[in-house]
Amino acid sequence: MLYAIIGQDAPDSLARRVASRPAHLARLQALQAQGRLLLAGPFPAVDADDPGAAGYTGSLIVAEFPSLAEAQSWADAEPYLTSGVYETVSVRPFKKTLPA
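Note that the structure is a prediction, hence the values are computed from the model and not measured.

**Q** Lay out helix α2 (residues 68–76) with the relevant residues and their values.
**A** Helical geometry note: an α-helix holds 3.6 residues per turn, so side chains three or four residues apart project in the same direction. Buried within α2 we find A71, W74 and A75. In a view along the axis of α2, the buried residues occupy a sector of 100°, so they form one face of it. In this structure, the buried side of α2 is in contact with β1 (2–9), α1 (14–33), β3 (56–64), α3 (79–82) and β4 (86–94).

Following this line, the structure appears as C-alpha cells:
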C-alpha cells in the first residue's frame, strides 16, 4: 500500500536541511531503486522553485510499504527528523486515484 509521509520543518532549520540532504536523498534513491517511490519533494516557503534563504516548510514523500507500521518505522529513521529539520512527521495511508 502507498503511504504519505509529511514532514513539517522546524523553525530556522535550513542549515540542518542542507547538511542532512545527502543522507535524506540516499534513502529516497534506495526506495526509488526498489520501485517503491511514487514521488517526493519539499514545500518551498515562498512561491518560487528556489526559495533561497526563505527555505522550506516541510516535505512530502509518497511511497509503498508493506504496512503502516513499516512506513512509520521508515519515517522515524528519516535523517531530516533525526537531525532536527522536521519538527513533526505524520504518516498516513494514501490511495492514488489519478492519473490512472
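**Q** With reference to specific residues and values, describe α1.
**A** In this model, α1 (20 residues) spans 27 Å end to end at C-alpha, consistent with the 28 Å of a helix rising 1.5 Å per residue. At S20, α1 shows its maximal bend, which comes to roughly 55°, and the proline P22 appears one to four places after that position. Considered for burial, the residues of α1 that qualify are R17, S20, H24, R27, L28 and L31. Tucked inside the fold, the buried residues of α1 contact β1, β2 (37–44), β3, α2, α3 and β4. Positive backbone phi, approximately 75°, marks G35, located one or two places after α1.

Basis of the calculations
- Residues numbered from 1 in each chain as written.
- Predicted model: local features only at pLDDT ≥ 70, side-chain atom pairs only at ≥ 80, totals over all residues.
- Heavy atoms only, no water.
- Buried < 20%, exposed > 50% of the residue type's maximum accessible area, 1.4 Å probe, protein only.
- Helix = DSSP H or I, 4+ residues; strand = E, 2+ residues; numbered from the N terminus.
- Arc of directions from axis to C-beta.
- Contact = heavy atoms within 4.5 Å.
- Expected span 1.5 Å × (residues − 1).
- Bend = angle between axes of the 7 residues up to and from the residue.

These values are about where atoms sit, not about what they do.
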